[in-house]
Amino acid sequence: MKFSIYILLVFTFLVITTGNSQNTTYMGNPDASFLVARDLAFANKRKQARDTLKHILSKYPNYTDVENLLAKTLTWDAQYSKARLHYNNIITRDKSNLEVWIAAIKNELYAKNYNTALGLANKGLVTLKNNTELLELKNNAILELKKAESKVSQSTMVIDTTVVVNSDLKNAILLTTEAQSFNKVYNTMSAVSIAYKRTTKFGDIIPTINYSNRFNTNGIQYQLDAYPKLGTKMYAYASYAYSDSEIFPSHRIGGELYRSLPKSLEISVGARYLSYNSKNATVFTGSLSWYPGNYYLSWRPYINPANNSTISFSNSFTARRYLKDKYNYLDFQFGFGFSPETTQLTENNVLLSESIFYLESQEAAFTYNFTVKNTKNILAATLGVTRQELIFTPNEFYLAVTGRVKYQFNW
């Protein structure tokens, strides 16, 4: 008798625990559960609503209406960062959903992230062109930015110290300093540049003066870059640089054409031409880029046909994570193959720049780009590592560590 009672108790325990474990897996009707969750949300029972919505998403992760309602309840409870993650998920897979764009932009407006709201509105208008609701939200973001700028100006009583980077700014001065240290053979190299950036209705124009010290030799290079607009989906890059110093190419010419594609893709094709006293080199390049949500991913190949009919090839990859807006991001780059650009190296005090295109190399760099507090200015700090074959000793490599700081004054 006692044994039978024991068996019954064990059987009852197994039934209960099995039933509880099954409850952790969603087995219901997602549409019916969504309607229940919606009623709970509108009845101010948002926590219970979120529990139901998360349960549905555990089985149906791409149910847009469910995730959108979940994000909205987080917005209503001022959990803007958590809501942003869900909006980004939906927009990444469905860029034509007007309701989600509106909710995502309002989330940033409520959070007082007006730059981000403006950026989202602009992105939404790329897909949903001339949509009146998105245009209205864009104007709201611009108005709030101007209010914030006015408040800062009035409270400080000094020349403009607004904390936002206004998209209407047309001028910038860029100062860059760089140092590169080697683990063998070569002494530390240094470089400094100053550039002026002017934004026009036709595109950006950037004249630059570059100074470098390598192998106890000083050199100056004069450079002009332009990014002309060629319509709503195309723009170009054009560059020319000149120097009479032996540590720079005499002439450097570059050009590239960019075209935006569906699915947040962009493609480009171009070339670089470098001229030296004893030899010229042409490098063909291009890029394939993708903008999934707050990320930017890009692949860029370099192809250099040599005179002996051989071809050197290298790759460069970029992964970028945008933070609160396009001026604040983390950037990681790595590349491998045969160096497509020229690093001036010597053997027995003789420059060997024309040989560098055929040397094996690998490199990686990490950049943090951010807006400086209480200013319109931007600061970028880069740390990179390069492993490259020695020009006079095949299959032997050196390591170089590069540090770079760039400061951009905007007005």
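Each chain has its residues counted from 1, following the order in which its sequence is written. Reporting in this predicted model follows two pLDDT cut-offs: at least 70 for local features of residues, and 80 or more for side-chain atom pairs to be given and counted; totals over whole chains, interfaces and linings ignore these cut-offs and use all residues. Water and hydrogen atoms play no part in the side-chain values, which are based on all heavy atoms of the structure.

*Asks:* Just checking my understanding: could you explain the pattern of salt bridges for this structure?
*Replies:* Close approach of charged atoms allows side chains of opposite charge to pair. By salt bridge we mean one thing: a side-chain nitrogen of Lys or Arg within 4 Å of a carboxyl oxygen of Asp or Glu. With the rule as written, the count across this model stands at twelve salt bridges. Between Glu 396 and Lys 184 there is a salt bridge, with its nearest N and O atoms 3.3 Å apart. Linking Glu 396 in strand S16 (residues 393–410) with Lys 184 in the loop between strand S1 (171–182) and strand S2 (189–200), this pair joins segments that are 212 residues apart in sequence. A salt bridge links Asp 204 to Lys 197; the shortest N-O distance between them is 3.7 Å. For the purposes of this entry, the term helix denotes a DSSP run of H or I that reaches at least four residues, the term strand denotes a run of E that reaches at least two, and both are numbered from the N terminus.

*Asks:* Explain the pairing of strand S14 (residues 360–371) here, please?
*Replies:* Along any regular strand the residues' side chains alternate between the sheet's two faces. A pair of strands is considered paired only if DSSP assigns at least 2 bridges between the two. The sheet contact formed by S14 and strand S15 (residues 378–390) spans eleven bridges and is antiparallel. When the bridges of S15 are listed, Gln 362 appears paired with Arg 387. Joining the antiparallel neighbours S14 and S15 is a turn of six residues, in which Asn 374 adopts a positive phi near 65°.

*Asks:* Would you explain the nonpolar core in this entry?
*Replies:* If you look at soluble globular proteins, the nonpolar side chains tend to sit buried side by side. Side-chain atoms within 4.5 Å are what join buried Ala, Val, Leu, Ile, Met, Phe, Trp, Tyr and Cys residues into a set we call a nonpolar core. Partly exposed residues are those whose accessible area sits between 20% and 50% of the maximum for their type, while under 20% is buried and over 50% is exposed, using a 1.4 Å probe and protein chains only. Tyr 87, Trp 101, Ile 105, Leu 109 and Leu 134 are the most contacted members of the largest nonpolar core, which totals 24 residues. Ranked by residues supplied to this core, first place goes to helix H6 (residues 98–110) with seven residues. Sequence-distant contacts of Leu 109, that is, excluding residues within four places in its chain, are made with Tyr 114, Ala 117, Leu 137 and Ala 141. A contact between two residues is defined here by any heavy atoms of the two lying within 4.5 Å.

*Asks:* Sorry, what's going on with the packing of helix H3 (residues 46–59) against helix H4 (residues 64–76) here?
*Replies:* Helix-helix packing: each pair is described by the crossing angle between the helix axes and the interaxial distance. One can describe the packing of H3 onto H4 by two numbers: an axis separation of 9 Å at closest approach and a directional angle of 150°. Relative to H4, the element H3 lies roughly antiparallel. Two packed elements cross with a definite hand, and for H3 against H4 that hand is left-handed. Residues Arg 46, Arg 50, Leu 53, Lys 54, Ile 56 and Leu 57 of H3 lie in contact with H4, whose contacting residues are Val 66, Glu 67, Leu 69, Leu 70, Thr 73, Leu 74 and Trp 76. Here the residues of the contact of H3 with H4 are counted per class, giving eight nonpolar, one polar and four charged. In this analysis, axes come from line fits to C-alpha atoms, helices being fitted only over the stretch in contact, and the angle between any two N-to-C directions falls in the range 0 to 180 degrees. The scheme is simple: roughly parallel for angles under 35 degrees, roughly antiparallel for over 145, roughly perpendicular for 65 to 115, oblique for anything else. By convention the crossing between two helices is left-handed if the near helix lies anticlockwise of the far one by an angle smaller than a right angle, and right-handed if it lies clockwise. Ten residue types, Ala, Val, Leu, Ile, Met, Phe, Trp, Tyr, Cys and Pro, are classed as nonpolar, four, Asp, Glu, Lys and Arg, as charged, and the remainder, Gly among them, as polar.

*Asks:* How should I be thinking about the environment of Asn 130 in this particular structure?
*Replies:* Here Asn 130 lies in the loop between helix H7 (114–127) and helix H8 (132–156). Those residues in contact with Asn 130 that lie beyond four places of it in its chain are Leu 125 and Leu 135.

*Asks:* It is not clear to me how the pairing of strand S5 (residues 234–242) should be interpreted in this structure. Could you clarify?
*Replies:* Two strands pair when backbone bridges link them, and strand S4 (residues 217–228) and S5 are joined in this way by five bridges, in the antiparallel orientation. Bridge pairing in S5 places Asp 225 opposite Ser 239. Counting the residues between successive antiparallel strands, the hairpin from S4 to S5 contains five residues, one of them, Gly 231, with a positive phi of roughly 115°.

*Asks:* Just checking my understanding: could you explain H6 for this structure?
*Replies:* The periodicity of an α-helix, 3.6 residues per turn, causes residues three or four positions apart to be oriented the same way. Here the expected span of a helix is defined as 1.5 Å times the quantity of residues minus one. Helix length check: H6, at 13 residues, gives a terminal C-alpha distance of 18 Å against a target of 18 Å (1.5 Å per residue), a fit within 8%. Looking at the residues trailing H6, positive phi occurs at Lys 112, about 65°.

*Asks:* It is not clear to me how unusual backbone geometry should be interpreted in this structure. Could you clarify?
*Replies:* Trans is the common state for peptide bonds, and a negative phi is the common state for residues other than glycine. Unusually for a residue other than glycine, Asn 44 sits at a positive phi of about 65°. By the element assignment, Asn 44 lies in the loop between helix H2 (30–42) and H3. Although it is not a glycine, Lys 112 sits at a positive phi angle of roughly 65°. Structurally, the position occupied by Lys 112 is in the loop between H6 and H7.

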